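An overview of the molecular structure
Chain by chain, the residues run as shown.
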Amino acid sequence: MVITESIFNDFKRGSIDSLYAEAWSPLMAYAARVLGDRYAMMAEDCVQETIIKVYDTRATFTSAFQMKAFLFTCLHNQCVSIMRKGKTQDRYMANLFPHEPIEPEISAAMIEQEALDMLHAAINELPDELRQVFELNYEQGLRNAEAAHLMDLSLNGFNKRKAKMINILRDKYKGNETMLLLITVLFS
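Report on the accompanying structure. Predicted model only: the values in this text are computed from it and were never measured. (Residues numbered from 1 in each chain as written. Predicted model: local features only at pLDDT ≥ 70, side-chain atom pairs only at ≥ 80, totals over all residues. Heavy atoms only, no water.)

Glancing now at helix 3 (residues 43-56). Counted at 1.5 Å a residue, the expected span for helix 3 with its 14 residues is 20 Å, and the 20 Å between its end C-alpha atoms agrees. If you check which residues of helix 3 are buried, you get Ala43, Cys46, Val47, Thr50, Ile51 and Val54. For helix 3, the angular spread of buried residues about the axis comes to 130°, placing them on one side. (Helix = DSSP H or I, 4+ residues; strand = E, 2+ residues; numbered from the N terminus. Expected span 1.5 Å × (residues − 1). Buried < 20%, exposed > 50% of the residue type's maximum accessible area, 1.4 Å probe, protein only. Arc of directions from axis to C-beta.)

This part takes up unusual backbone geometry. You will see that Asp152, though not glycine, has its phi angle at about 60°, which is positive. Structurally, the position occupied by Asp152 is in the loop between helix 7 (144-150) and helix 8 (155-172).

Once that is clear, we can look at the packing of helix 6 (residues 128-139) against helix 8. One can describe the packing of helix 6 onto helix 8 by two numbers: an axis separation of 9 Å at closest approach and a directional angle of 100°. Classified by the angle their axes make, helix 6 and helix 8 are roughly perpendicular. Packed against helix 6, whose contacting residues are Glu129, Leu130, Val133, Phe134, Asn137 and Tyr138, the element helix 8 presents Phe158, Arg161, Lys162, Lys164, Met165, Ile166 and Ile168 at the interface. (Axes fitted to C-alpha atoms, helices over the stretch in contact; angles between N-to-C directions. Parallel < 35°, antiparallel > 145°, perpendicular 65-115°, else oblique. Contact = heavy atoms within 4.5 Å.)

By the definition in use, this model includes four aromatic pairs. Ring centres of Phe11 and Tyr55 lie 5.7 Å apart, and the angle between their planes is 80°; on these two criteria the pair is classed as edge-to-face. Residue Phe11 is located in helix 1 (residues 5-12), and its partner Tyr55 is located in helix 3; the two are separated by 44 residues in the primary sequence. On the accessibility criterion, Phe11 (0% relative accessible area) is buried. The interplanar angle of 85° and the centroid separation of 5.2 Å between the aromatic rings of Tyr30 and Phe72 together place this pair among those described as edge-to-face. Pair noted here: Tyr30 is in helix 2 (residues 17-39) and Phe72 is in helix 4 (residues 64-96), with a separation of 42 residues, a long-range link. Neither Tyr30 nor Phe72 differs from the other in exposure class; each is buried. The ring of Tyr55 has Arg58 lying over it, and the distance from NZ or CZ to the ring centre is 4.0 Å. Sitting above the plane of the Tyr173 ring, Lys172 keeps its charged end 6.0 Å from the centroid. (Phe/Tyr/Trp six-rings, centres within 6.5 Å; stacked < 30°, edge-to-face > 60°. Lys NZ or Arg CZ within 6 Å of the ring centre and 35° of its normal.)

All chains considered together, the criterion is met by five salt bridges. Between Glu135 and Lys68 there is a salt bridge, with its nearest N and O atoms 3.2 Å apart. Of this pair, Glu135 sits in helix 6 while Lys68 is found in helix 4, placing the two residues 67 residues apart along the sequence. Neither Glu135 nor Lys68 differs from the other in exposure class; each is buried. (Salt bridge = Lys/Arg side-chain N within 4 Å of Asp/Glu carboxyl O.)

So, in structure tokens, the structure goes:
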């Protein structure tokens, strides 16, 4: 998803059409991926709520990149909120029916989500130029050369930033096998 200056300026002036045209599909795909099979039907609601929230705060943005980062952060938080509500309902049901086991898929999904939340929090702490590497390469799925071009970097310069980002994340989670495995899987 590329939010051009034209889209950004239209949005700042209150026009939402060009943002919807560019962002709807990538945001829906991201929400569905975060929500997983169990909550995927809530993806559209999450995207709509996110766009409304971003629209309400549009005057505070100074760049398209800042707006896009806020968009994905809000969407991620909206999805996590949906899943937390689902977990609360699961706990309630477990209290009502204590002899019914929780399905292993749900437990695995909860662990996976916690790991992804931790990774997302760590990525949000990265400097802008490293966070942008993650956004372009992993969230948007661009190839290294495409992302390097958008960032106005040589391919070698982009690869160095990517390696630095991965090393920072590995150092942060040294000793946490689950997180190191997630980083290895995502960034290999």
